[in-house]
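Coordinates in review
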Amino acid sequence: MESKCENCIVRQFNSLRALSKEELKKVSDSKISKKIKKGDSLFVEGQKLDGVYCVRDGVSKLSKLSSNGKEQIVKLTNKGEVMGQRSVVAEDFTNLSATAINDMEVCFIPKEIISNTLNTNPNFSLEVLRHMAHDLKEADDVIVNMSQKTVKQRLAEAFVYLKKNYGEDEDGFLVLTLSRDDYANIVGAATESLIRMISEFKKKGLIKTSGKKIGVVEEQTLQEMADGF
């Protein structure tokens, strides 16, 4: 489980790639490797973080609770992503919760290391800024999607996204298995409506299901549906 940051492939995907050998060694010596079980929480909305989480393996959902207590999934994080960056840099409470969708391996990097490196390495600061700017752009896209697309369009888009980003197994089912509640919280619908929509998609031959598993059958049609054609 323990591995040195210098030899870790996932840092190529995040701001840690801007660190020097010496800085990486400091991160490596101070980080704590953790295994997070499916369904367990990494942090909750409104928490003060003492550091950031670098995802070595597994997927988590970042979500926010609305005033009526409904969960809205804002994004899924993958291998290589660093969670909690905004909160640590801004010295602010987290505005999202992170929960493991499958078993995860993460490295917890203490806040002091991040703060000190931000002050001494301009390349690292720039990389962190770039990643935050990318997150902002993604957040803008989510807002536009929620306000301009129908729930059906968002569901079609979710299926295509999951296939493209996580792939499918040998039987043609999506590798990342989400609960019906999670799908409802991604597209912003009640679970009952979501279940009806999945049946409708299945009847039309756009998807196939087996228990919790869902497989994309007509990717092109789903993509056109998502784009509003």
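Just so you know, these numbers come straight off a predicted model, no measurement behind them.

**Quick look at the sheet that holds strand 6 (residues 82-83)**
Read from one edge to the other, the open sheet built from 4 strands follows the order 1-8-3-6, with strand pairing classed as antiparallel. What marks the edges here is a single partner per strand, and that holds for strand 1 (32-36) and strand 6. Summarising the sheet, strand 3 (residues 51-57) and strand 6 pair through 2 bridges and their orientation is antiparallel. Paired with cysteine 54 across the two strands is valine 82, which belongs to strand 6. Sitting on the sheet, helix 3 (residues 111-120) touches strand 3 and strand 8 (104-110), and the angle it makes with strand 8 is about 60°.

**What about the packing of helix 5 (residues 151-166) against helix 7 (residues 191-203)?**
At a closest axis distance of 11 Å, the pairing of helix 5 and helix 7 adopts a crossing angle of 65°. It follows from the interaxial angle that helix 5 and helix 7 lie roughly perpendicular. Note that helix 5 runs across helix 7; the crossing there is right-handed. Across the interface between the two elements, Val151, Lys152, Leu155, Ala156 and Phe159 of helix 5 pack against Leu194, Met197, Ile198, Glu200 and Phe201 of helix 7. Of the residues assigned to the contact of helix 5 with helix 7, the class counts are 8 nonpolar, no polar and 2 charged.

**A few points about the domain arrangement of the chain**
Along its sequence, the chain is carved into domain 1 (5-146) and domain 2 (149-227). Here the C-alpha centroids of domain 1 and domain 2 sit 27 Å apart. At the junction of the two partners, domain 1 supplies 13 residues and domain 2 supplies 16 residues. Carbon and sulfur atoms supply 48% of the area that domain 1 and domain 2 bury against each other, a total of about 1,200 Å² over both sides. Ranking the residues of domain 1 by area buried against domain 2 places Ile73, Leu76 and Asn145 at the top, with a combined share of 40%. For lysine 61, the salt bridge identified is with aspartate 182, shortest N-O distance 2.8 Å. For the interface between domain 1 and domain 2, the tally reads 8 residue pairs in polar contact (both at pLDDT 80 or more). Of all elements in the fold, only strand 5 (71-77) and helix 4 (122-148) reach the threshold of two or more residues within the side of domain 1 that touches domain 2. When residues of the side of domain 1 that touches domain 2 are assigned to their parent elements, the largest contribution, 4 residues, is made by strand 5. Taken together, the residues of the side of domain 1 that touches domain 2 sort by class into 6 nonpolar, 4 polar and 3 charged.

Rules of the game
- Residues numbered from 1 in each chain as written.
- Predicted model: local features only at pLDDT ≥ 70, side-chain atom pairs only at ≥ 80, totals over all residues.
- Heavy atoms only, no water.
- Pairing = 2+ DSSP bridges.
- Helix = DSSP H or I, 4+ residues; strand = E, 2+ residues; numbered from the N terminus.
- Contact = heavy atoms within 4.5 Å.
- Axes fitted to C-alpha atoms, helices over the stretch in contact; angles between N-to-C directions.
- Parallel < 35°, antiparallel > 145°, perpendicular 65-115°, else oblique.
- Left-handed = near helix turned anticlockwise from the far one by under 90°.
- Nonpolar A, V, L, I, M, F, W, Y, C, P; charged D, E, K, R; others polar.
- Domains from an automatic or database assignment.
- Buried area = accessible area lost by both parts, 1.4 Å probe.
- Salt bridge = Lys/Arg side-chain N within 4 Å of Asp/Glu carboxyl O.
- Polar contact = N/O pair within 3.5 Å; in protein donor to acceptor, adjacent residues only side chain to side chain.

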